[in-house]
Amino acid sequence: MRKQFMVIGLGRFGSSLTKTLIENGHEVLALDKNEQLVQDMASIATHALVADCTDESVLRELGASNFTHGIVAIGDDIQASILATLLLKELQVPKVTAKARNEMHGKVLSKIGADHVIYPERDMGIRLGNQLSSDNLIDY
Ligand code: ATP
């Protein structure tokens, strides 16, 4: 089934996520306040736009409530991450996934309604640790 994703933040995480969703046949509206990052994504995403996603009227105009999924891929600016997540939930996006820098950030994102909170750096560390510990790995 073709899904409609709004990806907010086109850093390394948001841009690789956008590419993967497109490769899997989904629609992606890719947003960032940084014009260069939006340009880099313009030929890949279904649509790519410069937008401040902490502004409710902007998200409303972009039709946020028509998307099945919203992903907030902002890490450094915790306030922007929290605001964008809150606004997507207020605009009734059914599934909102938000990236957290640390446990406290993740806790706040859950409390304000994020359906799924991810910790990419922590989880990759765990995954690699498990892979390197695996008996199936002869030499690395
Ligand atoms: P990554 O690890 O994925 O490269 P990061 O965790 O360092 O990223 P940031 O660089 O803080 O995360 O944010 C990712 C992107 O989110 C940046 O390109 C930034 O311009 C964008 N961003 C931050 N605030 C906003 C906002 N209010 N509206 C739209 N985009 C924003």
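Every value quoted in this text rests on a predicted model; they were computed, and no experiment measured them.

**Examining the overall build of the chain**
Working step 1: Of the regular secondary structure elements, the chain holds six helices and six strands.
Working step 2: The secondary structure elements of the chain, listed N-terminal to C-terminal, are β-α-β-α-β-α-β-α-β-α-β-α.
Working step 3: For the chain, the C-alpha radius of gyration of 16 Å lies close to 14 Å, the compact-globule estimate for 140 residues.
Working step 4: Viewed in the frame of its principal axes, the chain has a C-alpha envelope of about 55 × 35 × 30 Å.

**Focus on the site of the ligand**
Working step 1: As a structural note, the neighbourhood of the ligand is formed by 21 residues, with Arg12, Phe13, Asp32, Asp76 and Lys99 the closest of them.
Working step 2: Between the ligand and glycine 75 there is a distance of 3.1 Å, counted from an oxygen atom to a backbone nitrogen or oxygen.
Working step 3: In this structure, an oxygen atom belonging to the ligand sits 2.7 Å away from a main-chain N or O atom of aspartate 76.
Working step 4: For the ligand, the protein covers 86% of the area, taking 640 Å² as the surface of the free molecule.
Working step 5: Broken down by class, the residue content of the shell around the ligand amounts to eight nonpolar, five polar and eight charged.

**Focus on the sheet that holds strand 6 (residues 116-118)**
Working step 1: With parallel pairing, the six strands of this open sheet are ordered in space as 3-2-1-4-5-6. Looking at the sheet topology across the chains shown, the edges are occupied by strand 3 (47-50) and strand 6. Strand-to-strand twist across the sheet, computed as the mean angle between neighbouring axes with direction ignored, equals 15 degrees.
Working step 2: Helix 2 (residues 35-42) contacts strand 2 (27-32) and strand 3 of the sheet and is inclined by roughly 170 degrees relative to strand 3.

**A word on the packing of helix 4 (residues 78-90) against helix 5 (residues 103-111)**
Working step 1: Here helix 4 crosses helix 5 at 20 degrees, and the two axes come no closer than 9 Å. Judged on the interaxial angle alone, helix 5 and helix 4 are roughly parallel. Crossing geometry of helix 4 relative to helix 5 is assigned as right-handed. Residue-level inspection shows Ile78, Ser81, Ile82 and Thr85 of helix 4 in contact with helix 5, the latter providing His105, Val108 and Leu109.

Calculation rules
- Residues numbered from 1 in each chain as written.
- Predicted model: local features only at pLDDT ≥ 70, side-chain atom pairs only at ≥ 80, totals over all residues.
- Heavy atoms only, no water.
- Helix = DSSP H or I, 4+ residues; strand = E, 2+ residues; numbered from the N terminus.
- Rg over C-alpha atoms; globule rule 2.2 N^0.38 Å.
- Near = heavy atom within 4 Å.
- Polar contact = N/O pair within 3.5 Å; in protein donor to acceptor, adjacent residues only side chain to side chain.
- Areas by Shrake-Rupley, 256 points an atom, 1.4 Å probe, with all protein chains shown as cover.
- Nonpolar A, V, L, I, M, F, W, Y, C, P; charged D, E, K, R; others polar.
- Pairing = 2+ DSSP bridges.
- Axes fitted to C-alpha atoms, helices over the stretch in contact; angles between N-to-C directions.
- Contact = heavy atoms within 4.5 Å.
- Parallel < 35°, antiparallel > 145°, perpendicular 65-115°, else oblique.
- Left-handed = near helix turned anticlockwise from the far one by under 90°.

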